Amino acid sequence: MLLRLPTSVSEAQECLAEGAVPIGGATLVWATWQRDGFPDRAMSLRELPEANTIGHEVLGAAVVLNRIDDRVPEVLRRAAAGVGTGAVRRTATVGGNIVGSTLRCLLPAALVLDARAVILEPEGVTETDLAEVLAKRQLLLSLRWRTPVASSHHKAAAAPGEASPLVVAAALHALDEGGTLLRVAVRCDDEVFSDSAVCEGGSEDVLRGLREGSLGRLPAPAWELVDRQVTDLLNRPGTTGTD
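Residues numbered from 1 in each chain as written. Predicted model: local features only at pLDDT ≥ 70, side-chain atom pairs only at ≥ 80, totals over all residues. Heavy atoms only, no water.

1. Considering the nonpolar core
Step number 1: Leu59 and Val94 are the most contacted members of the largest nonpolar core, which totals 35 residues.
Step number 2: Those elements that place two or more of their residues in this core are helix 3 (74–81), helix 5 (94–100), helix 6 (107–112), strand 5 (116–121), helix 7 (130–136), strand 7 (139–144) and strand 9 (167–174).
Step number 3: Among residues more than four places away in sequence, those in contact with valine 94 are Leu59, Gly60, Ala61, Val63, Leu65, Ile68, Leu106 and Leu143.
Step number 4: In this structure, Leu207, Trp223, Val226 and Val230 belong to the second largest nonpolar core, which totals 24 residues. (Core = buried A, V, L, I, M, F, W, Y, C linked by side-chain atoms within 4.5 Å. Buried < 20%, exposed > 50% of the residue type's maximum accessible area, 1.4 Å probe, protein only. Helix = DSSP H or I, 4+ residues; strand = E, 2+ residues; numbered from the N terminus. Contact = heavy atoms within 4.5 Å.)

Now the structure itself:
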């Protein structure tokens, strides 16, 4: 297998045009390659500057999880810190976790940030939504978002034999017309549910609005965690829509 390490977007485009297989998430697909055979050409984004950015409102797909710090919102930082062991976080990347993994531990955090995906294709760089990236397994270059007012993340302790523990992510966003919007995403039983509600009234009103949407399908233990996380977030000093 020939591994290419492009250092520019144009070089990465050439690699894709030549049929190189992106190896984001290689820690998970390596076993598959050992079983089914390795590709002739592969490509890693670890030397591509655009894929290694950590900034106020951007996170590169090649960033390893243990490099994610307080330059990104709390919800994304805590999500990364809760993935696997220290050894895993030193090798797993943002793109590999979101696109290459079935657990997608960072996905709830990205959803509540309303993050947009910057993808790389042979024709160039474009921006799209996360749903399309996951459906088509496109090559993620980076995530971009608008800074939230506040955010939170909680990962429950894993039950014996449980592959994907319950996760609740939440973020408050300032609306252009005034007021705030709450976004919540929950990973429960290998599925990710997400919804939003305008913060009008107290936390009970906001929770009622969320329960009437897709989050109303959550089992009682998951909803109890949502209730607690949302209430705590809305009642933080400096946020709006609180009791």
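2. Focus on the sheet that holds strand 5
Step number 1: The strand order across the open sheet formed by 4 strands is 4-7-5-6, and the pairing between neighbours is antiparallel. Looking along the sheet, the strands with just one partner apiece sit at the ends: strand 4 (58–60) and strand 6 (124–129). Along the sheet, successive strands turn relative to each other by an average axial angle of 30°, direction set aside.
Step number 2: Here strand 5 pairs with strand 7 via 5 bridges, running antiparallel. Each residue of the ladder has a partner; that of leucine 120, found in strand 7, is leucine 139. (Pairing = 2+ DSSP bridges. Axes fitted to C-alpha atoms, helices over the stretch in contact; angles between N-to-C directions.)

3. Comments concerning helix 3
Step number 1: Among the residues of helix 3, Glu74, Val75, Leu76, Ala79 and Ala80 are the ones counted as buried.
Step number 2: In this structure, the buried residues of helix 3 make contact with strand 4, helix 4 (86–89), helix 6, strand 8 (150–155) and strand 9.

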